[in-house]
Structure formats: C-alpha cells, structure tokens
Amino acid sequence: MRMAVGLEVHKTRRLRVWVLCLVMTVAVVALSGMNLFSESAREGFADPAAQPWESLLLNQVMISAMTSPVLVAVLAGRQVDIEHQSQGWFLARMSGLGPGLLCRAKAVVLGLALTLTVVAQCVLLFLAGLVVGIEVAPPVALWARYGLFLLLVNLALLGLHLWLAARVDNQLVGLGVGLLGAFYAVYALLMPTWAAYVLPWGYYAAISPVAMADDQLIESMPIPWAFALFLCAAAALFLGACRYLDRAEGGPA
Amino acid sequence: MNHVITTEGLTKTYGSRTVVDSLDLRVPEGCVYGFLGPNGSGKSTTMKMLLSLVRPTRGEVSVFGRPMDHRTRHELSPRIGSLIESPPGYGHLTGRENMAIVRRMLDLTDRQVERAVATVRLGDHMDKPVRAYSLGMKQRLGIAMALAREPRLLILDEPTNGLDPAGIEEIRDLLKSLAGEGVTVMVSSHLLDEVDRMASVLGILGRGRLVFQGTRAELFDRSTPDLILQTFEPERALALGLSASPIDEGLRLPGLGDDDAAALVRRLVRHDVPVHGLYRVRRSLEEVFMDLTGREGLS
C-alpha cells in the first residue's frame, strides 16, 4: 500500500491537482467572505446579536456545498482517467497491484489533498474575519467541527467518485454526477431537514453547524446516528468495491 | 523439448459466444512463437488468459511448468514481460518518469531500466512527455517496460502496430536477438509477413480454434500445393477424367500428393499425352494461412 501511495504521488505530477485545490480554496474564501466588505455587515462586527461569525460560517456552508462535490468529482476523474488512458490498470496488474489497491492509494493521496484544501478554506476564512475586524468571540469549536464533518463528507463522496471513475471510462459521467450533486447539496439547505439525508450530497447541508430559526442563527448538527451510518456505509461500500475490482477480470471498466 | 507455456483445452466464452475454443498451446523455450490469426480470432483474449488477466471458462494454463492463475500470478509475473493491446504509458509524464514508475513498481535497479531503454533505442526521447510520442515511440516504451524486469518470457500482442517499416525491422531484430539470449518470445500478429520473418514456431488461430501449431516447414507440409501440368494438349489430359482447371501453360491440378503426381505422369505417358513439364506452385504463407483459417480475411 505504501508503495502504491508513493506511485500515486508520482503520478499527480502535471495533473494540476494542487492547482485545482488552490483555485477552489481561493474561490470558497472569496465567495464566502464577500459579505465581509458590505457596510451592513461591518456595522455588526462588534455586536454579538448580529452573529457575524455565524453568518460567515453559513456562507461557507453554502459555497462549500456548491463547490465541494464538483472538486471531488474532478479530482477523482483526473486521477483515475490516467489509468484508462494509459493502460495503467494492466501495467499495475502485471506488477501485482490490483485496480482496487490503486483506487485505495488514490483515495489516500486525494484525501490528503482534500484535507489540506478544507483546512486552508477554514483557516483562511477565519483569518479573513479577524483581519476585517470582527470583534465578537469566534466560535472556534463550531468551525473546527464543521471543517471535520466537511472533510468526512468529501472523503465519503471521494470513494463513490473513484469507483464511478474506475467503472466508467467517460469522465464526463462522474463530472455530471458531481454537478447534479452540487445542485442537490445547495437545495438541501433550503428543503426540509429530512431531505438532506436522502442522497449522499445532502450531507453537505446536514453538516451545517448553523441553521435559521426565527430570524436567528442557531447551532445545528447532523443526526449523529444517521451521519455515522452514512460514513460507515460509504467506507464499507468503497472497500467492498475495491475488493471486487481486485477480483474482477482485466481492468475495472 | 521444454515448453514454457502449455495450455490444455483453454476455452473462454462470453454468454453463448465462444471466443477461444479448446486451445492446446505448446510454446517451446527460447523460441519466437508467432501467434497468428485474423482480427477477432481470439489472440488477445488468449494472451490475457496466459497472463491470468482473464479467467478461462474451461481449461488450464501452465507457465514455467506451474499453473498460472490469480493466485500464482504474483509469483510468476516478475519473470514475464508483456504488452497487450495498446502500449502502456502515462501521457502526462515523460518517458523517464514512466520508467521511474515501473522501476518503483517492480523494485528494479537503475541499471535494469537503463538497459531496457537502450535496448529499444529510446534514450534520446526520455525527457519528452509520452503524449508527444509517436505510436512507434509508445510501442518502444511499452516494450522497454516489458523488458526492464529482464523477463524469461515475453508476451507481446501486435508489438509492431503503428510502426514504420524501419521500426518493424528493428523490433523484429530485437525479438530475434532476445530469443538468441534464451528469452522465450510469444508475439501475436495478423500480419503474416511480419511473423514469418521472425518466428521459428507458429500457432494459427481461426475463429477461436488452433488450426495449426508447428514450424514453418510443417505448415507447408500440411497443405499440398497445386500441381501445374505443362502440356500443349490439355483437352486430351482432361479427357482422361482429371480434376483440373485449364490455364495458359496447361492444367492446374489441386490436392495431389507426391504418389498421386507420379501415378498421374505414368497415366499421361501411357495415353500418349505430351508432358512438357510438371511442377508445384510455390505458395506463400498467406495462401496457406487463408486455407487454414477458412479465408476469414487478413484485415
């Protein structure tokens, strides 16, 4: 496994994985923090009742729900497509590395990229809030929990997209699924709570750390057992799919 | 004779379609084995089964005297180099970076990689991205990847696809020299001429069945060439009830063995038919191949 991960790191050269992550980080920070420069927002920087941090956090939830599914789909598609294009599955198989092992190694490398992206998004947005002068005490724990949950949802969907990209040669399929997922994730924020638990992308809304109630933002969190079940099922399905790919004939597609 | 590859009743079916049917291959050690067949005759599927990339529906494969399946593949594959269908190579990486991946994957030394690259004469292009390679260069890189592990058996599926005549000649010389060093080379092709010039043993596949296996000489023996009877009076010869077709120089008689030819001459002389000459048509390998494969075509 260690060797396979090393090989995947080697393969990311010139795939612009890190550039994509950087672009998405900048996009999330810029779009989420846009409101910080409005006059009305500035007026509430010192007023706890105006909930400046919570508003910023909600903006991040919305923008992340919009962009994360696409980022995950693109990263998985790029990292897997090179195997389809280059007979990489065959090359690896003849060297003792099955397609399932390759997918697991890709999950580790892309998981690391997604971790750094989520951390960068959260930290930069938090710093942006401090720099523009929000004086209210920041909800650090809430933000950290959201960052962790966002990462977990990203990783769960990464497994799904890696499997899809390995099974279907045409990477537009994965990208299309990602785009539809992004729509669903955003609309799940506006739909009744149960809707967020219907499809995997709904969890981008379910993990929102804040929710609207009577014109106020109140603390929120996903239903623990449902979220845990989702994560466990995603992990089990991904590992099962990898095992299947290793046992299947030839390449995975 | 030691056989590096043997198969017993090797069969692959997809649903009701039989792609490979009861193959009994015998690939002798240290030879170039030409695996011939029209497109779609089952060559690639057979090679994938030999490498345990595709599971046979029935039958067994032995490589180096050991059963080859998904359990033993890991132990046997370090001794087997292969190139199936299109050549491997990550397009966004350079040739050197691709070879570095192979080196890490197989735990090879730099010397092994350099030797493989030098063998296929790709040294000057190693810093170019593979996507900028010509098909011929990609084939060479694929062969270098197969050679880097210094295999005792090379299985190459149409390795000269897309190469220009000079490239084909080079690969042909390379494979012959590898066989000279004791490496067993199994090479498939639908181009008869190409295989004819490098293989010492031939296996011919037609509609998934092995229609011939043996040396070139045995192949020609298997198929009796037509006999040309040179005579100015073909109608008198035909009047004797011969199964023949008239041609400019006399008659063409198919399917007559050596004893039949001698009997024919005695008969013609007895009936005072002038015989000016009698010879066998020199047949090309292609004609023999077409006969054996039922004229499936050589596209």
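Caption draft 1: Representation of the overall build of chain B in the model. A tally of helices and strands in chain B yields 11 helices and 15 strands. With the C-alpha coordinates aligned to their principal axes, the bounding extent of chain B is approximately 80 × 40 × 35 Å. Each of the 299 residues in chain B was classed as buried or not, and the buried ones make up 41%. Once local pairs closer than 6 in sequence are excluded, the contacts in chain B between residues at least 24 apart make up 69%.

Caption draft 2: Looking closely at the interface of chain B and chain A. Listed as interface residues are 24 residues of chain B and, on the opposing side, 22 residues of chain A. Of the residues forming the side of chain B that touches chain A, the biggest block, 6 residues, is contributed by helix 3 (residues 95-106) of chain B. Residue classes in the side of chain B that touches chain A are distributed as 13 nonpolar, 7 polar and 4 charged.

Caption draft 3: Inspection of the nonpolar core at higher detail. Core analysis: the biggest nonpolar cluster contains 142 residues, and Ala76(A), Leu158(A), Leu162(A), Leu50(B), Ala144(B), Ile155(B) and Val185(B) have the highest contact counts within it. Sorting elements by how many residues they give to this core places helix 7 (residues 140-167) of chain A first, with 14 residues. Excluding its chain neighbours within four sequence positions, the residues that come into contact with Val185(B) are Val32(B), Tyr33(B), Leu154(B), Leu156(B), Leu175(B), Leu178(B) and Ala179(B). Judged by nonpolar contacts, the second largest core, of 9 residues, contains Ala237(B), Leu253(B), Leu264(B) and Val273(B).

Caption draft 4: Highlighting helix 1 (residues 43-50) of chain B. Residues and elements named next belong to chain B. Among the 8 residues that make up helix 1, 8 are buried, leaving the element largely enclosed by the rest of the structure. Buried residues of helix 1: Lys43, Ser44, Thr45, Thr46, Met47, Lys48, Met49 and Leu50, and no others. After helix 1 finishes, the residue serine 52 shows a positive phi value of roughly 65°.

Caption draft 5: Representation of the domain arrangement of chain B in the model. In terms of domain boundaries, chain B breaks down into domain 1 (3-221) and domain 2 (224-282). Placing the centre of domain 1 of chain B and that of domain 2 of chain B at their C-alpha centroids yields a distance of 46 Å.

Caption draft 6: Local environment of the packing of helix 4 (residues 52-86) of chain A against helix 8 (residues 171-190) of chain A. Residue and element names in this part refer to chain A. Contact pair helix 4 / helix 8: the axes reach a minimum separation of 8 Å and the direction vectors enclose 165°. Taken together, the axis directions place helix 4 and helix 8 in an arrangement best described as roughly antiparallel. Between helix 4 and helix 8 lies a crossing whose hand is right-handed. Packed against helix 4, whose contacting residues are Met62, Ala65, Met66, Pro69, Val70, Val72, Ala73, Val74, Ala76, Gly77 and Asp81, the element helix 8 presents Gln171, Gly174, Leu175, Val177, Gly178, Leu179, Gly181, Ala182, Ala185, Val186 and Leu189 at the interface. Of the residues that constitute the contact of helix 4 with helix 8, the class distribution is 16 nonpolar, 5 polar and 1 charged.

Caption draft 7: Expanded view of the sheet that holds strand 15 (residues 277-280) of chain B. All names here are of chain B. Across the sheet, 4 strands lie side by side as 13-14-12-15; this open sheet has antiparallel pairing. The open sheet has two free edges, formed respectively by strand 13 (245-247) and strand 15, since each of these has just one partner strand. Mean inter-strand twist for the sheet, computed between neighbouring axes without regard to direction, equals 25°. In this structure, strand 13 lies alongside strand 14 (residues 250-253), joined through 3 bridges in antiparallel fashion. Counterpart to proline 246 in the pairing with strand 14 is leucine 251.

Caption draft 8: Seen up close, helix 4 (residues 110-119) of chain B. Residues and elements named next belong to chain B. Regarding helix 4, the residues found buried are Val113, Ala116 and Val117. One side of helix 4 carries all its buried residues, which in axial view fall inside an arc of 100°. Structural note: helix 4 exposes Arg111 and Ala118 on the side pointing more than 90 degrees away from its buried face. Just beyond helix 4, the residue with positive phi is arginine 121, at close to 55°.

Caption draft 9: Broad picture of the environment of Leu239(A). Locating Leu239(A) in the fold gives a position in helix 10 (residues 224-247). In sequence terms Leu239(A) and Leu101(A) are 138 residues apart; their C-alpha atoms lie 9.6 Å from each other.

Caption draft 10: Representation of the environment of Gly123(B) within the structure. All names here are of chain B. If you trace the backbone, glycine 123 turns up in the loop between helix 4 and helix 5 (135-147). A tally of 12 C-beta atoms within 10 Å means that glycine 123 is categorised as exposed. When the C-alpha atoms of glycine 123 and glycine 95 are compared, they prove to be 9.2 Å apart, with 28 residues separating the residues in sequence. Not counting residues up to four positions away in its chain, the partners in contact with glycine 123 are Val117 and Ala118.

Caption draft 11: Broad picture of the sheet that holds strand 11 (residues 209-214) of chain B. Residues and elements named next belong to chain B. A sheet is described by the order of its strands in space; here 6 strands give the open sequence 7-8-9-4-10-11, paired in mixed fashion. Across the chains shown, the open sheet's two edge strands, defined by having one partner strand only, are strand 7 (80-83) and strand 11. Here the average twist between neighbouring strands, direction ignored, is 15°. In the sheet, strand 4 (residues 32-36) pairs with strand 9 (residues 184-189) via 5 bridges, with the strands oriented parallel. Within strand 9, the residue paired with tyrosine 33 across the bridge is methionine 186. Across the face of the sheet, helix 1 comes into contact with strand 4, strand 8 (153-157), strand 9 and strand 10 (201-206) while running at roughly 150° to strand 8. Taken strand by strand, helix 5 contacts strand 7 and strand 8, and its axis lies near 165° from that of strand 7.

Basis of the calculations
- Residues numbered from 1 in each chain as written.
- Chains lettered and ligands numbered in written order.
- Predicted model: local features only at pLDDT ≥ 70, side-chain atom pairs only at ≥ 80, totals over all residues.
- Helix = DSSP H or I, 4+ residues; strand = E, 2+ residues; numbered from the N terminus.
- Buried ≥ 20, exposed ≤ 12 C-beta atoms within 10 Å, placed from the backbone.
- Contact = placed C-beta atoms within 7 Å.
- Nonpolar A, V, L, I, M, F, W, Y, C, P; charged D, E, K, R; others polar.
- Core = buried A, V, L, I, M, F, W, Y, C linked by C-beta atoms within 7 Å.
- Domains from an automatic or database assignment.
- Axes fitted to C-alpha atoms, helices over the stretch in contact; angles between N-to-C directions.
- Parallel < 35°, antiparallel > 145°, perpendicular 65-115°, else oblique.
- Left-handed = near helix turned anticlockwise from the far one by under 90°.
- Pairing = 2+ DSSP bridges.
- Arc of directions from axis to C-beta.

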